[in-house]
Amino acid sequence: MYVYRPEMLRIRFGAVNSFLVKNRDGKYLMIDAGYPGMINTFKKKIAEAGILPKDIQLILITHAHHDHFGCLSDIKELCECNVAVHEYEAHLLQTGTIKTPPGTNLATKLISKIGQSFTDGQHKLEAVDPEIKITGELSLDSLGIDGKIITTPGHTEGSVSVIMDDGKAFVGDLAMNVFPWTGPIYPVFGHNRQQILKSWKKLIDLNVDLVYPGHGRAFGIRHLIRKYEMITGKAV
Ligand SMILES: [Zn+2]
């Protein structure tokens, strides 16, 4: 029986997205690996899409927060695939460390402080040793994908994004789109505000068309341009 396998699949692990992108040979690049303990969600979603675990070639972790690599160890074991992460954050995967990021506004600063006191250092995720440590721009051509990985620091020091030649961008938590009344916004947790804005400018300069955030729905780049101009007071 012929099963149509999608060019792209969004898997929602609760509040966080992960994406599968098909290459020229029908294999997949997986971007991010969800919350811990959700391997059954993953199995169900790929089965529904006619994708086998062995079809996944590589899992890229956009940044080492627990909601993006919590299920990585289970998925890697199932798919027997390689893992890539920025070299700055490889140690967090290798030690299974949960690190709560600082907030970027009053409310999230408070949440972050509480989170840090409860979780950091006390709970561990399954450790994963990544095969590929990203240090800079990386073409995805050898994976059969028309696109590249670029560094987009700000939410964390080692955040990376996937930029496809067709204008799609998978950006992890460089931007989020969870509150319908605000539209796409600046992440509510972040490491460095100036860096976030610089990385937004990178997306704009690369002529990205559609942004796929780690939380919430995809949105057009014009929303990001508008926010960038509002925050910086500079026209793009
Ligand atoms: Zn994050």
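Quick summary incoming for the structure in this document.

Parameters and conventions
Residues numbered from 1 in each chain as written. Predicted model: local features only at pLDDT ≥ 70, side-chain atom pairs only at ≥ 80, totals over all residues. Heavy atoms only, no water. Helix = DSSP H or I, 4+ residues; strand = E, 2+ residues; numbered from the N terminus. Buried < 20%, exposed > 50% of the residue type's maximum accessible area, 1.4 Å probe, protein only. Contact = heavy atoms within 4.5 Å. Pairing = 2+ DSSP bridges. Axes fitted to C-alpha atoms, helices over the stretch in contact; angles between N-to-C directions. Salt bridge = Lys/Arg side-chain N within 4 Å of Asp/Glu carboxyl O. Parallel < 35°, antiparallel > 145°, perpendicular 65-115°, else oblique. Left-handed = near helix turned anticlockwise from the far one by under 90°. Nonpolar A, V, L, I, M, F, W, Y, C, P; charged D, E, K, R; others polar. Core = buried A, V, L, I, M, F, W, Y, C linked by side-chain atoms within 4.5 Å. Donors = N, O, S within 2.8 Å, 3.2 Å for Na, K, Ca; no water. Tetrahedral: all angles 85-135°; square planar, octahedral: opposite > 155°, others 65-115°.

**Let's talk about the environment of L9**
- Mapped onto the elements, L9 comes out in strand β1 (residues 8–13).
- Judged by relative accessible area, L9 falls into the buried class, the value being 16%.
- In sequence terms L9 and M30 are 21 residues apart; their C-alpha atoms lie 9.3 Å from each other.
- With residues up to four places along the chain from it excluded, the contact list for L9 reads S18, F19, L20, K45, A49 and I51.

**Quick look at the sheet that holds strand β4 (residues 56–60)**
- Read across the open sheet, the 6 strands follow the order β1-β2-β3-β4-β5-β6; overall the sheet is mixed. Only two strands of the sheet have a single partner each, and these edge strands are β1 and β6 (132–134). Each adjacent strand pair in this sheet contributes to an overall mean axis angle of 20°, direction not counted.
- Pairing between β1 and strand β2 (residues 16–22): 6 bridges, direction antiparallel. Along β2, the bridge assignment pairs R10 with F19.
- Packing against the sheet, helix α1 (residues 39–48) makes contact with β1, β2, β3 (28–31) and β4, and its axis sits at approximately 155° to β1.

**With respect to the pattern of salt bridges**
- Inspection of the entire model under this criterion finds 10 salt bridges.
- Across the pair K22 and E7 runs a salt bridge, and its minimum N-O distance is 3.6 Å. Placement of the pair is K22 in strand β2 and E7 in the segment before β1, with a sequence separation of 15 residues.
- Here E137 and K148 are joined by a salt bridge, their closest N and O atoms 3.6 Å apart. Here E137, found in the loop between β6 and β7 (138–139), pairs with K148, found in strand β8 (residues 147–151); they are 11 residues apart in sequence, far enough to count as distant.

**Focus on the sheet that holds strand β12 (residues 219–220)**
- One open sheet accounts for 6 strands, arranged β7-β8-β9-β10-β11-β12; its pairing is mixed. The open sheet terminates on both sides in strands that have one partner only, identified here as β7 and β12.
- The pairing of β7 with β8 spans 2 bridges and is antiparallel. Along β8, the bridge assignment pairs L138 with I149.

**As for the packing of helix α6 (residues 193–205) against helix α7 (residues 221–232)**
- Closest axis-to-axis distance for the α6/α7 pair is 10 Å, and the angle between their directions is 140°. With respect to each other, α6 and α7 are oriented oblique. Crossing of α6 over α7 shows left-handed handedness. Contact residues: α6 offers R193, L197, W200, K201, L203 and I204, while α7 offers I221, L224, I225, K227, Y228, I231 and T232.
- Taken together, the residues of the contact of α6 with α7 sort by class into 9 nonpolar, 1 polar and 3 charged.

**Observations concerning the nonpolar core**
- If you look at the biggest cluster of nonpolar residues, it comprises 32 residues, and the most contacted ones within it are L20, F42, I56, I59, I61, L72 and I75.
- The set of elements that each furnish at least two residues to this core consists of β1, β2, β3, α1, β4, α3 (72–79), β5 (82–86) and α4 (90–95).
- Not counting chain neighbours up to four residues away, the residues in contact with I59 comprise M30, D32, A33, L72, I75, K76, C81, N82, V83 and A84.

**As for the coordination of the zinc ion**
- Coordination of the zinc ion by the protein comes from H63 (NE2), H65 (ND1), H155 (NE2) and D173 (OD), over a distance range of 2.2 to 2.3 Å.
- Around the zinc ion, the 4 donor atoms sit at angles spanning 89 to 175°, and that spread fits a shape best called irregular.
- Look at where the donors of the zinc ion fall in the sequence and you get H-x1-H-x89-H-x17-D.
- Classification of H65 by relative accessible area gives buried; the value is 7%.

**Here we look at unusual backbone geometry**
- Positive phi, normally seen in glycine, also occurs at D32, with a value near 70°.
- In this structure, D32 sits in the loop between β3 and α1.
- For E80, which is not glycine, the phi dihedral falls at a positive 50°.
- Tracing the backbone through its elements, the reader meets E80 in the loop between α3 and β5.
- Residue class for E80 comes out exposed when judged on its relative accessible area of 73%.

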